[in-house]
Amino acid sequence: MWNERIAEEIRGIVGEEDYMDAPEDRIEYSYDGYIPEAMPEAVVLPRRTEQVSEILKVAYREGIPVTPRGAGTNIVGGTVPVRGGIVMAFTRMNRILELSPEDRYAVVQPGVVNAQLQTEAARHGLFFPPDPASLAVSTIGGNVAENAGGPRGVKYGVTRDYLLGLTVVLADGRILRTGGRTVKNVTGYDLTGLFCGSEGTLGVITEITVKLMPLPEAQRSIQAAFPDLDGAGKAVTRIMASGILPVAMELMDSVVVRLIEEATGVGLPQEAEGVLLIMVDGPEAAVIQEVERIGELCREHGASEVRVSRSTEENEALWAARRSAFAAMARSRPTCIVEDVTVPVSRLPTMVREILSVAQKHQITIGVLAHAGDGNMHPLILCDRRDPDEWSRVEEAVREIFHRAVDLGGTLSGEHGVGLAKEPFLPLVMDEESRRLMRGVKDLLDPKGILNPGKFV
């Protein structure tokens, strides 16, 4: 399949400096935030849509697998080139092409880092709501491919909610443009939405038009400490039922709190069994009222301490600490598995208990972290994959967590996607007819199966 003639042809498309095939260069593209590794034959770093098109024409003709890649921060194996071939990395397509304050949109290349767009939008009094924990390094292209969410998803939704249009190169090199620059657009099928969350299996995204939002007048964060985790979970459901819509509402158990505090020293209450970190925004007067009401509801459900951020710096420190959770957890054991299941918000306290029960049953350490306001749970499993006995218990625990989430009316992923990690479990939430239809869409757009093969379709 792969030979020097093909290598020379692709090298001629992108140029010598944007083509790599030495083993020491390829190895860093052989893995992502998940566990499996697989070496590609070559790595290309295109700079233009036309180059992507030409590379795909060659790959399609020769039947060569192509794995699109952003920053490689995904944690489901979505960018592992399990069938070799070409990794197409978008590091060098990293420009903000247009930003319109009047019409509140931006046009970006896929390699633009989420935080880079946030900084530029803020200069115009705007922001891009999707904020994955990895926003300092993850790219907009990767965010679109995974339909990423983040803490602000409670109020503002996920990436799909802010997509206006895409430029996509199909498997055979054809260039497709979907959507536009208007907020309302119901002309024909929602092809933009089809490619969002497709994990690089349907086309290669080379240009993205996103909707921006006005920065709110005021913002406050509340930190509430609870002597038991169940009380924190019940406070979440009560707050969400009260009519208040927080920007973000994060739940952390004592394992997560302790490890974050050890890593950051930000002042999290280590004596608490559960901590809620809640953000509200809007007009100043409304924010003050909501902060007071949230504090009352937390105390009604047993909060031993409720603190409100007193400055922008304190607010940012709290959320920076929360975003460091994965890194802080990963420091404590050789392997840290970050799972991702979602249940209805009313079932959150039950799901917390289920996770703790699974941890106790299998004698493993699981930290409970959740985007609690939308029911999105991230069990953080600390272990050592080199220990066969422990790893076997971890695998069984993961299976049980998936089954228990589904039994509660939930699903396998709220924001991390399927990739390699969850493909075996799709029958739990998707019937055969749905999976057959997905395969049909894949076959139509990628009949030779060269785009990110080996993944969930």
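Residues numbered from 1 in each chain as written. Predicted model: local features only at pLDDT ≥ 70, side-chain atom pairs only at ≥ 80, totals over all residues. Heavy atoms only, no water.

## A short note on the packing of helix α1 (residues 4-14) against helix α3 (residues 49-62)
1) Next: Direction vectors running N to C along α1 and α3 enclose 165°, while the axes themselves pass 9 Å from each other. As judged from the angle between their axes, α1 and α3 are roughly antiparallel. By crossing handedness, the relation of α1 to α3 is classed as right-handed. Where α1 approaches α3, its residues Arg5, Ile6, Glu9, Ile10, Ile13 and Val14 are matched on the opposing element by Gln51, Glu54, Ile55, Val58, Arg61 and Glu62.
2) Next: Its residues assigned to classes, the contact of α1 with α3 comprises six nonpolar, one polar and five charged. (Axes fitted to C-alpha atoms, helices over the stretch in contact; angles between N-to-C directions. Helix = DSSP H or I, 4+ residues; strand = E, 2+ residues; numbered from the N terminus. Parallel < 35°, antiparallel > 145°, perpendicular 65-115°, else oblique. Left-handed = near helix turned anticlockwise from the far one by under 90°. Contact = heavy atoms within 4.5 Å. Nonpolar A, V, L, I, M, F, W, Y, C, P; charged D, E, K, R; others polar.)

## Quick notes on the packing of helix α13 (residues 348-362) against helix α14 (residues 388-407)
1) Next: Contact geometry for α13 and α14: axes closest at 10 Å, N-to-C directions at 160°. Considering the angle they form, α13 stands roughly antiparallel to α14. Read as a crossing pair, α13 and α14 show a hand that is right-handed. Only Arg393, Glu396, Ala397, Glu400, Ile401, Arg404 and Ala405 of α14 make contact with α13, whose side of the interface consists of Met351, Glu354, Ser357, Val358, Lys361 and His362.
2) Next: Split by residue class, the contact of α13 with α14 holds five nonpolar, two polar and six charged.

## Some words on the pattern of salt bridges
1) Next: Summed over all chains, the structure comprises 39 salt bridges.
2) Next: A salt bridge links Arg11 to Asp21, with the shortest nitrogen-to-oxygen separation between them at 3.5 Å. Remark: Asp21 occurs in the loop between β1 (19-20) and α2 (23-26) and Arg11 occurs in helix α1; sequence separation between them is 10 residues.
3) Next: Judged by relative accessible area, which is 31%, Asp21 ranks as partly exposed.
4) Next: With a shortest N-O distance of 3.5 Å, Glu339 and Lys422 are connected by a salt bridge. Of this pair, Glu339 sits in the loop between β16 (335-338) and β17 (341-342) while Lys422 sits in the loop between α14 and α15 (432-445), and the two are 83 residues apart along the sequence. Across the pair, Lys422 and Glu339 agree in class, each one buried.
5) Next: The network of salt bridges with shared partners includes Glu4, Glu8, Arg11, Glu16 and Asp21. (Salt bridge = Lys/Arg side-chain N within 4 Å of Asp/Glu carboxyl O. Buried < 20%, exposed > 50% of the residue type's maximum accessible area, 1.4 Å probe, protein only.)

## Here's the deal with the pairing of strand β3 (residues 66-69)
1) Next: Residue alternation in β3 divides its side chains into two sets, Val66 and Pro68 and Thr67 and Arg69, and both sets are buried.
2) Next: As judged from the four bridges shared by β3 and strand β4 (residues 86-89), these two strands associate in the parallel manner. From the neighbouring strand, Pro68 faces β4, where its bridge partner is Met88. (Pairing = 2+ DSSP bridges.)

## As for the packing of aromatic side chains
Here a ring pair, both rings aromatic, is described through the centre-centre distance and the interplanar angle of the planes.
1) Next: Enumeration according to the criterion identifies three aromatic pairs in this entry.
2) Next: Ring geometry for Phe128 and Tyr162: centres 6.4 Å apart, planes at 80°, overall edge-to-face. Taken together, the residues span a long stretch of sequence, with Phe128 in the loop between β7 (126-127) and α5 (140-146) and Tyr162 in the loop between α6 (153-156) and β8 (163-169) at a distance of 34 residues. Of the two residues examined, Phe128 and Tyr162, each falls in the buried class.
3) Next: Aromatic pair Phe402 and Phe425: ring centres 4.7 Å apart, planes at 75°, arrangement edge-to-face. Taken together, the positions of Phe402 in helix α14 and Phe425 in the loop between α14 and α15 put the pair 23 residues apart, joining distant regions of the chain. Neither Phe402 nor Phe425 differs from the other in exposure class; each is buried.
4) Next: Its end group placed over the ring of Tyr60, Lys448 keeps NZ or CZ at 4.6 Å from the ring centre. (Phe/Tyr/Trp six-rings, centres within 6.5 Å; stacked < 30°, edge-to-face > 60°. Lys NZ or Arg CZ within 6 Å of the ring centre and 35° of its normal.)

## A short note on the environment of Val52
1) Next: Turning to its location among the elements, Val52 is positioned in helix α3.
2) Next: On the accessibility criterion, Val52 (0% relative accessible area) is buried.
3) Next: As a C-alpha pair, Val52 and Ala171 span 119 residues in sequence and 10 Å in three-dimensional space.
4) Next: In this structure, Val52 is in contact with Pro46, Met88, Phe90, Met93, Val169, Val204 and Thr206, ignoring residues within four places of it in sequence.

## Here we look at the sheet that holds β3
1) Next: As summarised here, the arrangement of the four strands in space is β1-β2-β4-β3, forming an open sheet in which the pairing is mixed. A single partner strand is all that each edge strand has here, and the edge strands are β1 and β3.
2) Next: Sheet topology note: the β1/strand β2 (residues 42-44) ladder contains two bridges and is antiparallel. Within β2, the position partnered with Tyr19 by the bridge is Val44.
3) Next: The sheet contacts of α3 involve β2, β3 and β4, and relative to β4 the element is tilted by about 170°.

## Some points on α3
1) Next: Over its 14 residues, α3 runs 20 Å from end to end, which matches the ideal 20 Å to within 8%, given 1.5 Å per residue.
2) Next: Residues of α3 that are buried include every one of Thr49, Gln51, Val52, Ser53, Ile55, Leu56, Val58, Ala59 and Tyr60, and no others. (Expected span 1.5 Å × (residues − 1).)

## As for the environment of Thr342
1) Next: The residue Thr342 is located in strand β17 in this model.
2) Next: Along the backbone, Thr342 and Glu415 are 73 residues apart, and their C-alpha atoms lie at a distance of 9.0 Å.
3) Next: In this structure, Thr342 is in contact with Asp374, Gly375, Asn376, Gly410, Thr411, Ser413 and Gly414, ignoring residues within four places of it in sequence.
4) Next: A polar atom in the side chain of Thr342 sits 3.1 Å from the side chain of Asn376. (Polar contact = N/O pair within 3.5 Å; in protein donor to acceptor, adjacent residues only side chain to side chain.)

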